[in-house]
Structures are given as C-alpha cells and as structure tokens.
Amino acid sequence: MSLICPYCNQSFDPMKILFYADETSDVFLTTVDAAQDIGHVATGPVSARQVTDISGLRNRTTYSRRKLGSEQNAAAEAGEQNGAAAEEEQKLGEQCEDLIAKNFLKKYGEGSNFRFSRIAKFYAIEPDKNKTPERGYGHVDRFENEDDGDPGNDVPLKLFVPEREEGKQILTKRVCPKCHCDIPAGYFCTEHHHVAALAGCSSAGKTQFITVGLRELKEMVSRLNLGRMEWALCSEWFYQLYLDIYINTNGKNEATKKARIFPLMIAITPQGEEKKHFITFYDCAGEYTRDTDYAANQIGFQKADTILLMVDCHQLFNEQAEELQNGELPCEETFTNAIYPMRDYDLSPALSRIIMVITKCDSIINNPQLIHGNTSSEVNDAMRSYDRDLSCHNGAVDLNVINHIHNELVAMVRNQTHSDVIQEIHDALKKPGIDIKLSAVSTYAYHGDQLVLDVKQVMGHHRLTEPLLYALASWNAVRSEYKEAPEQEPEELPAEPRKGGFFGWLFRRR
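This report concerns the structure included in the present document. (Residues numbered from 1 in each chain as written. Predicted model: local features only at pLDDT ≥ 70, side-chain atom pairs only at ≥ 80, totals over all residues. Heavy atoms only, no water.)

Side note on the nonpolar core
Consideration 1: Among the nonpolar cores identified, the biggest contains 148 residues, and Phe209, Phe262, Ile307 and Leu309 are the most heavily contacted of them.
Consideration 2: When residues of this core are assigned to their parent elements, the largest contribution, 9 residues, is made by helix H4 (residues 233–248).
Consideration 3: Beyond its immediate stretch of four places on either side in the chain, Leu309 contacts Ala199, Gly200, Phe335, Ala338, Ile339, Ile354, Ile355, Met356, Val357 and Ile425. (Core = buried A, V, L, I, M, F, W, Y, C linked by side-chain atoms within 4.5 Å. Buried < 20%, exposed > 50% of the residue type's maximum accessible area, 1.4 Å probe, protein only. Helix = DSSP H or I, 4+ residues; strand = E, 2+ residues; numbered from the N terminus. Contact = heavy atoms within 4.5 Å.)

Set out below in structure tokens:
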C-alpha cells in the first residue's frame with residue numbers, strides 16, 4: 001500500500017513515516033512583523049475595507065513578537081554547521097534542525113515571509129517486530145483504525161521507542177518522510193477527503209474571505225450544533241501567519257504569485273459521529289486569470305471538486321455599489337475571466353459544484369434595488385440575504401434557505417444587469433451538470449446595525465460562513481435538510497410595481 005501526502009502530494013510507504021519528539025520550542029514559524037510597515041494604523045474599527053498587495057512586506061529581516069530564543073538559535077547554528085540533515089535523509093535519534101521541512105517550505109515563503117525552525121529528535125520505524133531496534137528506531141505501538149480488521153488500513157499511529165526514558169517512549173507526532181509536514185491523526189483511515197479551490201480575479205476578496213471565514217467557521221460549527229472543527233497542525237501554523245498579517249495590517253492582505261499559499265486543511269467531525277472529514281482549501285493569486293502557466297500549475301485547481309468563485313459586487317453592479325474608500329480598489333475585470341483558464345486547460349477535471357460568493361456586499365446592503373430590508377411599510381419585501389441571522393442552520397444546514405437566497409440573488413442580478421449569471425458561468429465553463437449556488441457575504445462585522453471593518457472580531461460578519469456551510473453540507477461533513485417553512489398568509493400582488501416592489505411579491509420571507 002502506498003500513501004499520498006496531502007501537502008507535497010508525493011507517495012510513500014506507510015512504514016517510512018517518521019515520528020519526532022523533544023522539540024526545543026512549540027513555535028516553529030516566526031512571522032514578519034508586518035504592522036511596522038504600515039505606520040500609524042488605527043486599532044479600532046473603521047468603516048471601509050482595506051486591501052492591498054503584501055509583497056512590499058516580504059524582503060524584511062525583522063521578525064514578529066515570537067522571536068527564536070538564544071538557545072534555539074545556538075542549536076540551529078550548530079545543526080547547520082554539523083550538516084544536521086541532507087534533503088534526502090534525516091539524522092535519527094539525535095536533536096537536529098529539520099532542514100527537510102525548512103527546504104520544502106521555501107516555496108511558501110520561508111526565508112522571506114517567515115522563518116521556520118523545528119529542532120527535535122526524529123525516529124523511524126523498525127518493521128521487524130522480532131528485531132531489537134537500532135538507535136533512532138522503534139516499533140509501531142498502534143496502527144490507525146486497526147480495530148476494523150482491514151490490513152490495508154495499517155498506517156502507523158503511535159511509535160514505541162525502547163531507547164527513550166520511561167514515560168517518553170511512545171511518540172504520536174508523525175511527519176511525511178518526503179516533506180516533513182505533520183500528518184493529521186486519522187487522515188489515512190478515512191475516505192472523506194474533500195478539496196475546495198478559491199477562484200476569482202485580483203482584488204475579488206479571495207484571501208480575505210478565507211482568512212476571516214475559517215476563523216468564524218470554527219465557532220459557528222460549534223454554536224450551530226453541527227459538529228467539531230479542528231485544524232491540521234501545519235495548516236494551522238500558516239493560517240495563524242495569514243491571520244496575523246490580516247490583523248497587523250488592519251485588513252491589508254492579498255495573495256500574490258511571489259509565494260505559494262499553503263493549503264489550509266481542517267477536519268470536521270459531524271455531530272454524533274466519529275469519522276472525520278478532511279477538507280483542504282487552496283487559495284492562489286488572482287494573476288492566474290492572466291498567466292495561464294501559473295494557473296495550470298495550481299494543484300488546488302487540479303484536485304478540487306468544489307470551486308469557491310469570489311466575485312466582487314462591483315464586478316456585477318459597477319456604479320450601483322457604494323464607492324470604496326481609503327485606497328481600496330474594486331475589482332474591474334469581468335468575473336468570467338476567472339473561469340476561462342479552468343475551461344481552456346481543463347484544470348478541474350473532478351469539479352462538481354461552483355459556489356459563487358458575492359463579496360464586499362456591505363457596499364450594496366440597504367440599496368433598495370440590490371440587497372435590502374423592507375422598502376415598503378405595506379409589503380414585506382425584505383430579502384433573506386439581507387438578514388444576518390444564521391440560526392436557521394442550527395442542527396442542520398437548511399437547504400431551503402440556501403436555495404431561497406440563491407434564487408433571490410440570481411433574480412437580483414438579472415433584474416439589475418439583464419444577464420443570466422448561471423448561464424454565463426455554464427457558458428464560460430462548458431461543463432454540463434455543474435451545481436451552481438450564489439451567496440452574498442461581507443468580511444465586515446456588525447457593530448449594532450452598522451457594518452464596519454473590525455479585524456479582531458471573530459463572529460458577526462454578514463452571512464460569511466454560509467457558503468462554507470453549504471460546501472460542508474454538500475460533502476456530508478455536516479447534516480443538512482430541507483426544513484419546513486412556516487406557513488404564512490397569502491398576500492395580494494401589488495397592482496403596480498414600485499421601487500423595491502419587484503422583490504415584494506417575488507421573494508416572500510420564509
């Protein structure tokens with residue numbers, strides 16, 4: 001049996017997995033102190049989103065609040081001087097710097113965006129149970145899912161190392177032998193692996209959506225009684241790095257081609273179940289729409305069954321959306337440009353759904369022609385996508401609400417732009433049978449009834465996690481159902497359409 005690493009995508013024998021222990025620090029990534037480059041940034045909420053390229057923060061030699069201690073630095077220098085590890089092999093049983101992981105992470109910005117340093121002792125598996133392990137080796141103490149009786153699931157989970165002192169002989173931290181990324185427990189004994197890739201033109205809001213959305217999702221999954229969300233360790237390091245940049249720069253984070261975005265893997269355990277669903281989100285720079293070589297080399301597109309298509313509301317409604325302030329640039333490209341590379345080069349052969357996320361919708365909320373509450377004292381014409389409350393998804397994602405909002409937004413776009421957005425996506429992609437759903441979100445958070453940029457607020461953004469919840473429901477990672485809509489009295493249609501009245505009879509609140 002051969003395993004595929006979820007990070008480097010290389011295959012390896014299960015018995016080649018390495019274990020490690022005795023780390024000199026529990027912090028392996030040290031981030032660039034991006035806040036120093038911004039100057040005097042307001043610490044409180046501001047009323048306009050700020051997005052810019054963070055490439056200007058990269059060629060720095062100062063690092064964040066989390067400094068390497070003098071002991072770590074000395075150990076790292078000693079490891080380098082002694083040639084602690086070649087790329088092809090790892091010293092076993094003695095403390096050394098993890099140069100294999102360090103080298104692998106260079107394409108993600110190691111040395112320019114962050115510094116990686118893991119100093120630990122590594123141990124390999126002695127496969128012969130009857131043989132006394134050499135120094136740096138141990139016997140498998142337990143395999144993943146070994147109780148199911150399937151020898152094909154014999155993936156080492158714990159290692160017993162006799163040479164270590166009592167109380168420290170069993171090791172549980174595993175790494176891929178090729179790239180040294182940490183392997184989550186249970187990853188190789190479940191068939192529930194899902195991949196979503198973020199697509200969208202530059203400045204459409206991809207990176208900000210996934211950064212803020214995943215932070216809120218962990219809390220939302222718990223609050224809605226949908227299950228439990230956990231981070232895969234390596235992804236959590238990088239997620240925290242990206243979140244630090246987002247917070248320290250007051251929202252000025254955007255992916256660029258200068259360094260790959262590390263895949264962000266989470267594990268969802270559905271309520272009342274034990275098996276985990278592993279979901280990996282891939283982000284990339286919006287330049288892929290103009291650089292087909294860059295697009296063709298995005299592993300996320302190649303593996304994704306779900307595309308989260310980010311579309312800036314200004315791409316759809318132009319001057320109807322509020323003008324952005326404080327240097328934020330609206331996305332001016334045609335949103336279908338984000339789809340053409342996937343079609344022309346068949347970048348997503350396993351694609352089954354597209355979730356089109358209308359971003360920055362704080363710019364169109366309360367516009368009576370776009371996303372609005374009641375526009376009339378006589379007719380209840382408030383749009384469901386105007387409502388901030390997601391309690392409808394408590395216990396199970398309500399697919400009736402998902403469909404209602406989808407239909408509402410499709411009609412809104414058609415009414416304002418005279419275009420069929422679903423047909424445009426189908427025509428651009430040329431893949432029949434793709435499920436397409438629309439959602440509208442904002443990374444701004446509510447302070448009272450006002451949407452403002454508050455980079456430290458975890459909850460309270462406008463329907464931000466709804467497209468993620470729908471994706472989880474589509475993978476059966478959380479429960480979903482068509483919940484019964486409450487009965488309502490029939491209303492007479494207005495004799496004449498009036499401002500906002502179109503939605504009054506088309507969209508009844510359920």
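Notes on the pairing of strand E19 (residues 435–440)
Consideration 1: Counting buried positions along E19 gives 5 out of 6 residues, so the element sits mostly inside the fold.
Consideration 2: Relative to E19, strand E17 (residues 353–359) is paired through 6 bridges, and the arrangement is parallel. Bridging from a neighbouring strand, Met356 pairs with Leu438 of E19. (Pairing = 2+ DSSP bridges.)

Brief notes about the sheet that holds strand E13 (residues 227–231)
Consideration 1: In space, the 7 strands of this open sheet follow the order E13-E14-E15-E12-E16-E17-E19, with mixed pairing throughout. Edge positions in the sheet fall to E13 and E19, since each has one partner strand and no second. Each strand of the sheet is rotated relative to its neighbour by a mean of 25°, with strand direction disregarded.
Consideration 2: As defined by bridge partners, strand E12 (residues 193–199) adjoins strand E15 (residues 277–282) across 5 bridges and the pair is classed as parallel. Within E15, the position partnered with His193 by the bridge is Phe278.
Consideration 3: Contacting E12, E13, strand E14 (264–270), E15, strand E16 (306–312) and E17, helix H3 (residues 206–223) runs over the sheet at an angle of about 135° to E13.
Consideration 4: In this fold helix H11 (residues 466–474) packs onto E14, E15, E16, E17 and E19, with an angle of close to 170° to the strand it touches most, E17. (Axes fitted to C-alpha atoms, helices over the stretch in contact; angles between N-to-C directions.)

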